[in-house]
Amino acid sequence: MNYTTKEIAEITNSTLIGDDKLAVKNIAFDSRTIFSTLNTAFLAINTSKNSGEKYIQSAIEKGVGVIISEHQIAEIKNVTWILVKDSVKFIQDLARYHLRRFHLKTIGITGSNGKTIVKEWLYQSLFDELKTVKSPKSFNSQIGLPISLLEINEKHQLGIFEVGISKPGEMEILEEIFSPKIGILTHIGSAHISNFENESELILEKLKLFKDSETIIFNGDNDLVFNIINNLYSTKKLISFGLKEHNDIFNKSNWKDKNVDLIIQYFDEEISVPVQQRDEATLSNVLCVIAVLKEFNFANEKIIAKLNALKSVEMRLESVNGLRNNLIINDSFNLDLDSLKIAYQFINEYNKSEKTLILTDFVEGKDSDKLYPEVAELTNQQNFKKIFLIGQEISKRQKLFNAETYTFSNTQELIDNHQLNQIENELILLKGARKFEIEKVKNHLELQKHDTVLEVNLNAILHNINVHKSLLKPETKIMAMVKAYSYGLGGYEVAEFLQHHHIDYLGVAYADEGVDLRKNGITSPIMVMNPEQHSYDIIIDYNLEPEIYSFRVLELFNEQLKMKGIQHKYPIHIKLETGMHRLGFKTDETSDLIEKLNSMNVKVESIFSHLSSSDDLSEKDYTLEQISTFDRNSAKLISGLNYKPIRHILNTSGIVNYSDYQFDMVRIGIGMVGISSSPQVKKQLQNAVTFKTVISQISELHSGESVGYNRRFQSDEETRIATIPVGYADGIPRLIGNKVGSVGINNIKFPIVGNVCMDMMMLNIGNFPAKEGDEVIIFNANPTLEEFAEYCKTIPYEVLTSISRRVKRIYIKD
Ligand SMILES: *Cc1c(COP(=O)(O)O)cnc(C)c1O
C-alpha cells in the first residue's frame, strides 16, 4: 500500500491531526515487531481483551511518526494522529477500499486444517507463472486478513489468502472485505467447534466466504460438507476432492504402496503423479493443489513438475550452543522478508549484547533493487556487530549494511574464512535460503558434534560400479545417478569421487542439484532429468544437459536457447516413453520429433528410456516389450537425424538381468550402494553405507516399569534399556518402534522398544554387557539396509533418501 495520511483519513472517515502529506506504506500493530519506521504507521488496536494504546509510547520512541488510534493519548511534537472510531473496523475499511482498486485473481482458503500448507504449495506452484501475493503467516483473524490484503499492489496478478475464523459471525465480516473468485475449503475438523451449536453451523459459517465465488474447490470426504455445499451453492462450479471415490478428484491407486506413483482420477481423466510422502493429509493437500492447477489450465506434465518441486512448510528456528560461548540461531529453511522479520523478533528474546548475522541471497521473489534496501533497513535496526553476506546479489549491496561487513560467494568460502572462528560470546543468526545450505556453518560452529553419522565408503562404491561393469562390454559407458543428494549419501562428495575415477556421465533430478555440483567443481557431463521451466536459464548457464520428454519442453527450451543467443548446438537427451508411463515421447510422436529436432539449434547426445520392472523377472515379457519399443523408436529417430546419438535403457537391475540390451550406456544408481536384486551379484558387492550412533544411556528397568511416550513397552521382568540419540527427525520412521525393528550392537540385533521419539529411541538389551558410548549399527551388515527397509515397510531407496540432512555424512576412502 502507499497512501498519504490525508487519503487514509478520507477513505476511512477518520480525523487527521497533523501533517496530511506523509506517506504511509506499512501499518504495524505490534510495537515489538517494528523494525522499520520509515513510512510506517502504528495502529493501536483495541479489542475486548486488550488495548493497543498502551504501546503507542513505545512505537513513538522507536521513531514512528504516524499513530492511528481511537484516542489521542497526548500531544507529541512531530507525531501525526489519525483518530478512528473503531480500530478494527478502520483496518477492515482500508483493506476493502484497497482491494477494490486492483483487478487480480483471488483465491481464498478456509477450513480447519491444511490451510497454510495449501496456501504455501499453491504459492510455490504459481509464483513464477503469475505475480502472486499471499498472506504472510498463518494469520488468523479479523486483523490479519486486512493487513495481508494491504500488501497487494498494481503488479500483482494473483492473491492467495488464508481466512480463518473461530466464532460465529466472523466470516460475514471478512467476506465483505474479501470475496475470493476461487474458494477453497480444506479439511473440516473439530477446531473451534465448541464455539458453535453443532458441526453444520461451523461448516455454514466457513462457507459464507464463498458467497460470491465462481468456483469452489472443497474436500468432499465429509458427507455433511458435501451435502451442504451441493445444496447451498448448486449454481456455482463445484469441484470436490478427497480420499473417497464420490469426489471429482480422488486417488485410485494403493497410495500406501510407495513403489507406485499415485493414479489420480480427475473427472474422466487419469493422471499419474509421483508423491513420496504418503499420509492422508499430504494426499488431500496434493489433490487440492491439482484441482487448482487444473483450474489454471496447467498441462499434466507441468502439474507433475510443480508437485515434484514442492517443499514442506514447517519452519525451523533452532538455537544451539556453539563453540566459544556463542549462541547460534539457525533459520536456514527459507528466506523472505517475513521470515527475516520473524527471525529478528526471535533473536531479541535472547540476552546477548553482541550479535553477528550471516545472511544469504534471497532467491525467490521481488525485484532485487527494491528488496535489498528493505532488507538492509530492517537489518540495520538490529545493530549487528558483524555481518557476513553470502551470494552475489546481496554481496553487491554490501554498502547498504551498517556494520563490519564481509562478503562471500558461497557458504564453504565463509566456513574456510578465519573471521568466523574469531567470534566469541555472541549471538550468531544464520538466515539463509535453502540452497545455500548454511546449516553447514552451524555444524562448523556447533559445540557438540552429533554421534549419529552416515558413513559412506567411497571405495565400496567404486568396487560396486566395477562389479556391474564386469557384466558389460568394456566400451559401454556408465552414467552414475547422483540424484536426490546421491541417494541421500551426500551432495558433491560422491560425484567428485566418481569424477576422479572418470565416470562418463552424472545424472541428477533437478537443475539445482546440477548447479551445486558445478559450483563444487564437477566438470563431468550432467544430465538433468526434471528440467523445470524456471530453471532453463541456469541449466544453460551451468552447462547442464536437460532431459527433453515432450514437445512442450522441447519448444520452451529451444526458446530459451534463442533468447540467450546460444550459437553452438546445445546438448540434450531425448526420453522415450516405452511403458513406464511417466515422462517421454510416445511412438506416434517420433516423426514430428525428428522434424522439430532438425530445425532446432540442439544436439541429441543420447536417446533413452526407463524400465518399469527390470528387477522383477515375472515381468520379463513386459520388459522385453519395452526394450523392443525403445530399440525400434530410437532407431527410427536416429535414422532421421544426420548423426548418431548414444542409447541407453538399463538401470542397476537392468544391468544385472538384461545385459544383452546395454546399448551404448547404462545408468547405475542403487547398485553403487551395494544393493542388488540378484543374489549372485549381491554376494560380490560391498556395503557402501553405514548408519550408526552410540549409546547415550543405559538404565535398569524393573518389572512393571514402562518405556517412552504412552508407556508402549512395559516389561514383565528385570531388563536393561539403552537409549540412542536418533529418532524420527533423523529419518527413522516411527513405525519401526514397538519391536517392529531392531538395530545392532556387537553384531547382535536388539529390538527397538516403545515409541520412536523425535530425537531418540530405546532398545531392550537385556543383560547384554553393552556400555554407554558403545557403537550401535542402525544398518550396515546386521541389520542390512535391506532388512532395515523391510522393518520400515519400504525399499532401500526410500530409507536412504529419508535420512535427514542433520545426520552428518562422513566419507571414507583410502
Ligand atoms: C534413478 C534412475 C536410475 C537408477 O536406477 P537404479 O535402479 O537405482 O540403479 C536410472 N535411470 C533413471 C531414469 C532413473 O531415474
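Every chain begins its residue count from 1, and numbering advances along the sequence as written. Restriction of local features to residues with pLDDT of at least 70 applies here, the model being predicted, together with a cutoff of 80 or more for giving and counting side-chain atom pairs; totals for whole chains, interfaces and linings are based on all residues. Excluding hydrogens and water, the side-chain values take into account all heavy atoms of the structure.

Selection rule: UniProt positions are given in the numbering used here, feature names are shortened, and annotations may be inferred rather than shown by experiment.
An unreviewed UniProt entry lists the chain under the name Alanine racemase, from Chryseobacterium suipulveris. Under the UniProt heading Pathway (unreviewed entry), the note attached to the chain is "Amino-acid biosynthesis; D-alanine biosynthesis; D-alanine from L-alanine: step 1/1." Quoted verbatim from the Catalytic activity (unreviewed entry) field of UniProt, the annotation for the chain is "L-alanine = D-alanine".

1. Some words on the overall build of the chain
The condition is simple: Elements are defined by DSSP. Helices are runs of H or I of four residues or more, strands are runs of E of two residues or more, and each kind is numbered from the N terminus. We compute the radius of gyration over the C-alpha atoms and compare it with the globule rule, which gives 2.2 Å times the number of residues raised to the power 0.38. Exposure categories follow from relative accessible area, calculated using a 1.4 Å probe and restricted to protein chains: below 20% of the type maximum is buried, above 50% is exposed, and the middle band is partly exposed. Between two residues, a contact is recorded if the distance between any of their heavy atoms is within 4.5 Å. Areas reported here follow the Shrake-Rupley algorithm with a probe of radius 1.4 Å; residue values treat only the protein chains shown as occluding. When charges are counted, neither His nor the chain ends are considered; positive counts come from Lys and Arg and negative counts from Asp and Glu. A charged residue contributes its charge at one atom only: NZ of Lys, CZ of Arg, CG of Asp or CD of Glu.
Helix and strand counts for the chain stand at 27 helices and 41 strands. Here the C-alpha radius of gyration of the chain, 29 Å, is about what a compact globule of 814 residues would show, namely 28 Å. Projected onto the principal axes, the alpha-carbon positions of the chain cover approximately 90 × 70 × 60 Å. Taken over 814 residues, the chain has a buried fraction of 54%. Partitioning the intrachain contacts of the chain with sequence separation of at least 6 by distance along the chain shows that 64% fall at a separation of at least 24. Approximately 35,900 Å² of the chain is accessible, and the part contributed by carbon and sulfur atoms is 47%. One way to put it: in the chain the 91 positive side-chain charges average out to a point 2 Å from where the 107 negative ones average out.

2. Details of the environment of Ala281
Topologically, Ala281 is positioned in helix α9 (residues 280-295). For Ala281, a relative accessible area of 48% gives the class partly exposed. Distance in space between the C-alpha atoms of Ala281 and Gly183 is 19 Å, their sequence separation being 98 residues.

3. Some thoughts on helix α22 (residues 590-599)
Just so we agree on the cut-off: Summarising the geometry, the arc corresponds to the directions from the helix axis toward the C-beta atoms.
Every buried residue belonging to α22 is among Thr590, Leu593, Ile594 and Leu597, and all of these are buried. The arc enclosing the buried residues of α22, seen along the axis, measures out at 105°, which places them on a common side. Within α22, the exposed residues directed more than 90 degrees away from the buried face are Glu595 and Ser599. In this structure, the buried residues of α22 make contact with α21 (551-563), β28 (570-575), β29 (602-608) and α23 (620-640).

4. Brief notes about the domain arrangement of the chain
What counts here: Note that the domain bounds were set by an automatic or database domain assignment.
Segmentation of the chain into domains returns domain 1 (3-88), domain 2 (102-309), domain 3 (317-445), domain 4 (459-677) and domain 5 (689-813). Placing the centre of domain 1 and that of domain 4 at their C-alpha centroids yields a distance of 60 Å.

5. Topic: the site of the ligand
So the rule is basically this: One heavy atom within 4 Å of a molecule or strand makes the whole residue count as near it. Here a polar contact is taken to be a pair of N or O atoms separated by no more than 3.5 Å, where protein atoms must pair a possible hydrogen donor with a possible acceptor and residues adjacent in sequence count only if both atoms sit in side chains. Residue classes follow a fixed rule: Ala, Val, Leu, Ile, Met, Phe, Trp, Tyr, Cys and Pro count as nonpolar, while Asp, Glu, Lys and Arg count as charged, and any other residue, Gly among them, counts as polar.
All residues adjacent to the ligand are Met481, Lys483, Tyr487, Met529, His610, Asn651, Thr652, Arg667, Ile668, Gly669, Ile670 and Tyr797. Note that an oxygen atom of the ligand is positioned 2.6 Å from one of the side-chain N or O atoms of Lys483. Relative to its free-state accessible area of 390 Å², the ligand is covered by the protein chains to the extent of 95%. Among the secondary structure elements, those contributing two or more residues to the shell around the ligand are α17 (483-487) and β31 (665-668). For the shell around the ligand, the per-class residue count stands at 6 nonpolar, 4 polar and 2 charged.

6. Notes on the sheet that holds strand β4 (residues 26-28)
The cut-off we apply is this: Strand pairing follows a simple DSSP-based rule, namely that at least 2 bridges must link the two strands. To obtain each axis, a line is fitted to C-alpha atoms, and for helices this fit is confined to the stretch in contact; angles are then taken between N-to-C directions over 0 to 180 degrees.
The mixed open sheet is built from 5 strands, whose spatial order is β2-β7-β6-β5-β4. The sheet is open, and its two edges are formed by β2 (15-17) and β4, each paired on a single side. Across the sheet, the mean angle from the axis of one strand to that of its neighbour is 25°, orientation sign disregarded. Sheet analysis places β2 next to strand β7 (residues 80-83), joined by 3 bridges and oriented antiparallel. Looking at the pairing, Thr15 lines up with Leu83 of β7.

7. Describing unusual backbone geometry
Cis geometry marks the peptide bond from Asn782 to Pro783, where omega comes out at 0°. Secondary-structure assignment places Pro783 in the loop between β40 (775-779) and α26 (785-791). One non-glycine residue, Asn13, lies in positive phi territory at about 60°. You can see Asn13 is positioned in the loop between α1 (5-11) and β2. Here Asn13 falls in the exposed class, since its relative accessible area comes to 62%. Its identity is not glycine, yet Ala484 carries a phi of approximately 50°, on the positive side. Assignment of secondary structure puts Ala484 in helix α17.

8. Let's talk about the UniProt feature "active site" (unreviewed entry) in the chain
UniProt annotation of "active site" (unreviewed entry) refers to Lys483 and Tyr709 when read in the numbering used here. In sequence the annotated residues extend across 227 residues, and in space they extend as well, their farthest C-alpha pair lying 36.5 Å apart. Within the secondary structure, Lys483 sits in helix α17. Apart from the residues lying within four places of it in its own chain, the contact partners of Lys483 are Gly507, Val508, Ala509, Glu513 and Met529.

9. What about a negative patch on the surface?
Where we set the bar: Patch membership requires over 30% relative accessible area and the absence of a salt bridge. Like charges are linked within 9 Å, and nonpolar side chains (Val, Leu, Ile, Met, Phe, Trp, Tyr) within 5 Å. Between Lys or Arg on one side and Asp or Glu on the other, a salt bridge is scored when a side-chain nitrogen of the former is within 4 Å of a carboxyl oxygen of the latter.
A surface patch of negative charge is lined by Asp615, Asp616, Glu619, Asp621 and Glu625. Within the fold, Asp621 resides in helix α23. When its relative accessible area of 65% is taken as the criterion, Asp621 is described as exposed.

10. Section: the environment of Lys89
Relative to the assigned elements, Lys89 resides in helix α3 (residues 87-100). In this structure Lys89 comes out as partly exposed when scored by relative accessible area, which is 45%. Separated by 57 residues in the primary sequence, Lys89 and Pro146 have C-alpha atoms spaced 9.9 Å apart.

11. Describing the packing of helix α16 (residues 458-469) against helix α18 (residues 492-500)
To characterise two packed helices, one gives the angle between the axes of the helices and the distance between these axes. Under the convention used in this document: Any angle that is under 35 degrees is reported as roughly parallel, and any over 145 degrees as roughly antiparallel; angles of 65 to 115 degrees are reported as roughly perpendicular and all others as oblique. Helix crossings get a hand from a simple test, with the near helix turned counterclockwise from the far one by less than a right angle marking a left-handed crossing and a clockwise turn marking a right-handed one.
The N-to-C vectors of α16 and α18 enclose an angle of 55°; their axes lie 11 Å apart at closest approach. Taken together, α16 and α18 sit at an angle that is classed as oblique. Two packed elements cross with a definite hand, and for α16 against α18 that hand is right-handed. For the pair α16 and α18, the contacting residues are Leu458, Asn459, Ile461, Leu462 and Ile465 in the first and Val494, Phe497 and Leu498 in the second. When grouped by side-chain class, the residues that make up the contact of α16 with α18 number 7 nonpolar, 1 polar and no charged.

12. Concerning the packing of aromatic side chains
The description of an aromatic ring pair uses the distance of the two centres, along with the angle that the planes make with each other. To be explicit about the condition: Only Phe, Tyr and Trp rings are paired, with Trp represented by its six-membered ring, and only when their centres lie within 6.5 Å; those with planes under 30 degrees apart are stacked, over 60 edge-to-face, the remainder tilted.
Taken as a whole, this structure holds 18 aromatic pairs when the rule is applied. Where Phe388 meets Phe408, the ring centres are 6.0 Å apart and the plane angle is 35°; that geometry is what we call tilted. Within this pair, whereas Phe388 is found in strand β20 (residues 386-390), its partner Phe408 is found in strand β21 (residues 404-408), the two being separated by 20 residues in sequence. The same class applies to Phe388 as to Phe408, namely buried.

13. A closer look at the UniProt feature "modified residue: N6-(pyridoxal phosphate)lysine" (unreviewed entry) in the chain
The feature "modified residue: N6-(pyridoxal phosphate)lysine" (unreviewed entry), as given by UniProt, occupies Lys483 in the numbering adopted here. Given a relative accessible area of 26%, Lys483 falls into the partly exposed group.

14. Quick word on the pattern of salt bridges
Counting across every chain of the model gives 38 salt bridges. In this structure, Asp93 engages Arg96 in a salt bridge whose closest nitrogen and oxygen atoms are separated by 3.1 Å. Within this pair, Asp93 and its partner Arg96 are both found in helix α3, separated by 3 residues, close to a single helical turn. A salt bridge links Lys385 to Glu354; its shortest N-O distance comes to 3.1 Å. Of this pair, Lys385 sits in the loop between α12 (368-380) and β20 while Glu354 is found in the loop between α11 (337-347) and β19 (355-360), placing the two residues 31 residues apart along the sequence. Here the salt bridges do not stand alone but share partners, grouping Lys89, Asp93, Arg96 and Glu176 into one network.

15. Some words on the nonpolar core
Basically, it comes down to this: Only buried Ala, Val, Leu, Ile, Met, Phe, Trp, Tyr and Cys residues count toward a nonpolar core, and they belong to the same one when joined by side-chain atoms within 4.5 Å.
Ile461, Leu498, Leu506, Ile572, Ile574, Leu597 and Phe779 are the most contacted members of the largest nonpolar core, which totals 107 residues. A per-element tally of this core places α21 first, with 5 residues. Structurally, this core is a two-domain feature, drawing no fewer than three residues from each of domain 4 (459-677) and domain 5 (689-813). Sequence-distant contacts of Phe779, defined by excluding residues within four places in its chain, comprise Leu454, Val689, Thr690, Phe691, Thr784, Leu785, Phe788, Val799, Leu800 and Ile803.

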